[in-house]
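# Descriptive structure summary
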Amino acid sequence: MDFANLPRRWPWLVGLALFSIFLLYHLHESRSLSPTPNTVADDSNSPLTNPYQPPPVSDDGHFHWEHRPTHYPLNSLTPLPTGQPKPLPRVQHSFGPESAADREVRLSRQSKVKETLIKAWQSYRIHAWMYDELSPISGQPRTSFGGWAATLVDTLDTLWIMDLKDEFKEAAAAAVHIQFSTSTESTVNMFETNIRYLGGFLAAYDLSGDERMLHKAVEVGNMLLVAFDTPNHMPISRWQWKQAADGIEKQVAPGFMLVSELGSFSVEFTRLSQVTGDHRWYDAIDRITKLFESQQQKTKIPGLWPVVVNPKDMDMTSDRAFTLGGMSDSLYEYFPKEYVLLGGLNPVYERLYQRSMAASIEHLLFRPMTPTNADILFGGDARAEDSGVALEARGQHLTCFAGGMFALGGRIFSNPEHVNIGRKLTDACVWAYENMSHGVMPEIAHFVPCPSKQDCTWDTAIYDAAVLERTGSSAENLSIDEILVQKHLPPGFTDIDDRRYILRPEAIESVFILYRITGDKSYQDVAWRMFESILNLTSTELANAAIPDVTATGSDGKPPKDDRMESFWLAETLKYFYLIFSEPDLISLDQYVLNTEAHPLRRPT
Ligand code: DMJ
C-alpha cells in the first residue's frame, strides 16, 4: 500500500468500501427472500432477469413477518414451471371500427361511471382515509378487513385505469405507510387479505410499475406465508395473527375450511413468485393444487369439491353440499385463470377445469322455467344423498361470475360449447335483474328447474305449486296471487331467500367478459340498464349504499338503504362498468387475467 498517495486515492477507496457494503447487504437480503438453498435446482426458471430486491431495512421498530422463525421448514420447493409460455387462443373478439354516434354514447356512459367512482373515492378520502371502508350514509369510517385501508388498496388499480393518476399517486404514497405487522382485529381473514390486499398491490404494480407497490405486495405475501407454517403446510384461513407473530405456539391447519378459502391463493401467489423470482409462494399453492387434484374424483360428486373441506387431515371427501356459488366460487374461477397466468405450462389446471365443469354441467346448472321460455341457465346447488344427487334450484348473485368463467374457459380451451354456456349463465343474471321491480337482482332466489336444458315450456300450475311449496304453512289462508304480491315475487321466481343487494359485481363481471369475448354490443346496453338501476337504488349524498331488500318500496319509491359500502364496489363493480364502456384494448383479456377481486395481473408473453 502506497501510503504517500493515500490522500489522492481515498475518495476511490471510500467508494469501493461503500460498494462492497452495498453488495454484501443485497446478497444477505436476497438470501432472506430466496427459496431455501439447495431445494430449487436452479433459478433459470425465474421469469426475471433482475430478481426482486427488497428495500433497505431500516430499524423502524416494527415487527417484520419474514423474521418470524419457521416451525415447519420445507424440505423442498416446487418452482414455477419453466419454458416458453404456450401460444394460447385469442380471448377477445376482434373489434372493428366504431361509428361516431356509438362512440359518443359509449363515452358519455363511461364518464358517468367515472363520476360515480370519483364521488365515492373523494368521500372515502375525506371521511374514512386509511380506514377499511366508508359508511356511505353516516360518513363514519369502518374497520372490516384487518384495518389496513382495504378500500384504498382495493381501489389503487381502478384509479390508474380510470386515468386518475394524481389520486393514484396520493393513494400509493399513503399505502406505503400501512403496517401489516399489526392489525386492529384479533382474527384476520386470509382469503380476503389475499384477494383484496395482495391482489390490489400486485395489480397496482403491474399497471404502474411503482416498485413501492411490489414491496407492499411482498410484505403481505410474507405475512400470508406464515399462515402456511403448519405441519402439512396447509394454510389457516381465520388467522390469530398475534399468536402467530409471537411464534411460541405452533400452528395447525383447521379441520373445517370453506373450499374457496383453500383454493383461492393460486393466482395471487403465482404472480408474486413471477414478479419476485421467489418460488416460495408458488410452492405453497402447488401443494394445495396437488391436494385438489388427488381428491377430485373421490368426493361425493366426483369432479367437484364440497363446500367444506378438512385441510388438517387433507380430506375433501366427507361433506355433501356442492355449489359454484358462495364459499366455493373462486376455487373454480381460478383454474382457467391460473392456467393462463402460467402461460399454459401446468396442464393440471386444465384437467381441474375440464373435470369440474363437466360435473357442474351435469349436476349444478339448470334452466329456470320462465314465462317467455328464455333459454338461460343458473348455477344451482347440489346435495349428494345416498339415493343420488339432489339439485336445489337456487340462483345466487355470487354465482353470476360463472358466465364469465365458462366463456373464458371456452376460449382458452377452444370449446365453443362452454362459451355458449357462459352466455346462457350471463343471460340468466341479466334476466333476473330485468325482471325485478327495481331492476336489481337479489342475493339469492329460487326458481322452477326445467326437466331439460334443451327445451322448456312455461306451466302456470307447476309454477304455482312450487311457490306454495316454498311458502309452506305461513300462507295457508292466502291465494296464490296474494302470496305473489305479499312476497314481491316476479314471474318465474318461486322465492326470494335473501333480498339484499350489497353492491356486488358478479353480474356485470360476466356481462363485461361476454362483451369482450363475443363483441355483442347488446351487452353494453344491458350494462347501462343495470348501472342506471343500481345507481337509482344505491346513491347517497356521499357514495353508494347496500340495499337490505331490493323488493321493498319506501315513501320515495325506492327501498331503504344500509350504511355499508364494501371495497369491491370501487375495486370491482365500478371497474367492470367502466371497462365495458372503454376501448377494448384497455385491460385486454389477452394481456391480463383479473383476480377474483377484479385486480388485473399481467399475463406472460
Ligand atoms: C369479492 O370480494 C370477490 O369477488 C369474491 O370472489 C366474492 N365476493 C366479493 C364480491 O361479491
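Residues numbered from 1 in each chain as written. Predicted model: local features only at pLDDT ≥ 70, side-chain atom pairs only at ≥ 80, totals over all residues. Heavy atoms only, no water.

Taken in spatial order, the three strands make up an open sheet running β7-β10-β11, and their pairing is antiparallel. Each edge of the open sheet carries a strand with a single partner, namely β7 (321–323) and β11 (388–392). Direction aside, neighbouring strands of the sheet carry axes that sit 25° apart on average. One ladder, built from five bridges, connects strand β10 (residues 381–385) with β11; its direction is antiparallel. Bridge pairing in β11 links Glu385 to Gly388. (Pairing = 2+ DSSP bridges. Helix = DSSP H or I, 4+ residues; strand = E, 2+ residues; numbered from the N terminus. Axes fitted to C-alpha atoms, helices over the stretch in contact; angles between N-to-C directions.)

By the definition in use, this model includes two disulfides. Note that Cys400 is cross-linked by a disulfide to Cys429, the S-S spacing being 2.1 Å. Of note, the bridge from Cys400 to Cys429 carries an S-S torsion of about -100° and is left-handed in sense. Here Cys400 is found in the loop between β12 (394–396) and α13 (402–412), whereas its partner Cys429 is found in helix α14 (residues 416–435), with 29 residues between them in sequence. The same class applies to Cys400 and to Cys429, which are both buried. Two residues share a disulfide in this structure: Cys450 and Cys456, whose sulfurs sit 2.0 Å from each other. (Disulfide = S-S within 2.5 Å. Buried < 20%, exposed > 50% of the residue type's maximum accessible area, 1.4 Å probe, protein only.)

Before going further, it helps to examine the UniProt feature "active site" (unreviewed entry) in the chain. In the numbering adopted here, UniProt assigns the feature "active site" (unreviewed entry) to Glu192, Asp329, Glu443 and Glu506. Tracing the backbone shows Glu192 in helix α5 (residues 190–208). Other than its neighbours up to four places away in sequence, Glu192 contacts Phe145 and Tyr197. When sequence neighbours within four positions are dropped, the list of residues in contact with Glu443 reads Gly395, Gln396, His397, Leu398, Asp498, Arg500, Ile502 and Arg504. (UniProt positions renumbered as here; feature names shortened; annotations may be inferred. Contact = heavy atoms within 4.5 Å.)

As recorded in UniProt, the feature "binding site: Ca(2+)" (unreviewed entry) lies at Thr596. By the element assignment, Thr596 lies in the loop between β15 (592–594) and β16 (600–602). Ignoring any residue separated from it by four or fewer positions in sequence, one finds Thr596 in contact with Ile195, Ser330, Glu333, Tyr334 and Glu572. Of the polar contacts made by the side chain of Thr596, one reaches the side chain of Glu333; its length is 2.8 Å. (Polar contact = N/O pair within 3.5 Å; in protein donor to acceptor, adjacent residues only side chain to side chain.)

Spatially, three strands are ordered β12-β13-β14 in an open sheet, and the strand pairing comes out antiparallel. On the outer flanks of this sheet lie β12 and β14 (493–498), each paired with one strand and no other. For this sheet, the mean inter-axis angle between neighbouring strands, taken without regard to orientation, is 25°. One ladder, built from four bridges, connects strand β13 (residues 444–447) with β14; its direction is antiparallel.

Attention now moves to the packing of aromatic side chains. Tallying each qualifying case throughout the model produces 31 aromatic pairs. On the basis of an interplanar angle of 80° and a centroid distance of 4.9 Å, the ring pair of Phe63 and Trp65 is categorised as edge-to-face. According to the relative accessible area criterion, Phe63 is partly exposed, its value standing at 30%. Here the aromatic rings of Trp305 and Tyr332 are separated by 5.8 Å at their centres, their planes lie at 40°, and the arrangement is tilted. Of the two residues, Trp305 sits in the loop between α10 (280–295) and β6 (308–309) while Tyr332 sits in helix α11 (residues 329–341), which places them 27 residues apart along the sequence. Judged on exposure class, the residue Trp305 and its partner Tyr332 are both buried. Every member of this aromatic cluster is reached through a ring pair, and the members are Phe366, Phe378, Trp431, Phe447 and Phe493. The ring centre of Phe145 lies 3.8 Å from the NZ or CZ of Arg196, which sits over that ring. Just above the ring of Trp281 sits the side chain of Arg280; from NZ or CZ to the centre is 4.8 Å. (Phe/Tyr/Trp six-rings, centres within 6.5 Å; stacked < 30°, edge-to-face > 60°. Lys NZ or Arg CZ within 6 Å of the ring centre and 35° of its normal.)

Here we come to the side chain of Asp286. Take Asp286: it is sitting in helix α10. Asp286 has contacts with Thr78 and Asn346, leaving out every residue within four places of it along the chain.

Glancing now at the confidence of the model for the chain. Low pLDDT means the predicted atomic positions in that stretch should not be read closely. For the chain, per-residue confidence averages 93 on the pLDDT scale, and residues scoring 70 or more make up 92% of the total. For residues 1–8, every residue scores under 50 in pLDDT, and the model assigns this stretch two contacts once sequence neighbours within four places are set aside. Under a pLDDT of 50 for its full length, residues 18–47 has, in the predicted model, 38 contacts with residues more than four places off or in other chains. (pLDDT = per-residue confidence, 0-100.)

For the pair helix α17 (residues 506–518) and helix α19 (residues 568–580), the least separation of the axes is 9 Å and the interaxial angle reads 25°. The orientation of α17 with respect to α19, classified from their angle, is roughly parallel. Seen along the crossing, α17 lies across α19 with a hand that is left-handed. Contacts between α17 and α19 involve Ile508, Glu509, Val511, Phe512, Tyr515 and Arg516 from the former and Glu572, Thr573, Tyr576, Phe577, Leu579 and Ile580 from the latter. Of the residues in the contact of α17 with α19, the class split is eight nonpolar, one polar and three charged. (Parallel < 35°, antiparallel > 145°, perpendicular 65-115°, else oblique. Left-handed = near helix turned anticlockwise from the far one by under 90°. Nonpolar A, V, L, I, M, F, W, Y, C, P; charged D, E, K, R; others polar.)

Phe201, Trp239 and Phe269 are the most contacted members of the largest nonpolar core, which totals 181 residues. With eleven residues, α5 is the largest single contributor of residues to this core. Those residues in contact with Phe269 that sit more than four places away from it in its chain are Asn194, Leu198, Leu224, Leu225, Phe228, Trp281, Tyr282, Ala284 and Ile285. (Core = buried A, V, L, I, M, F, W, Y, C linked by side-chain atoms within 4.5 Å.)

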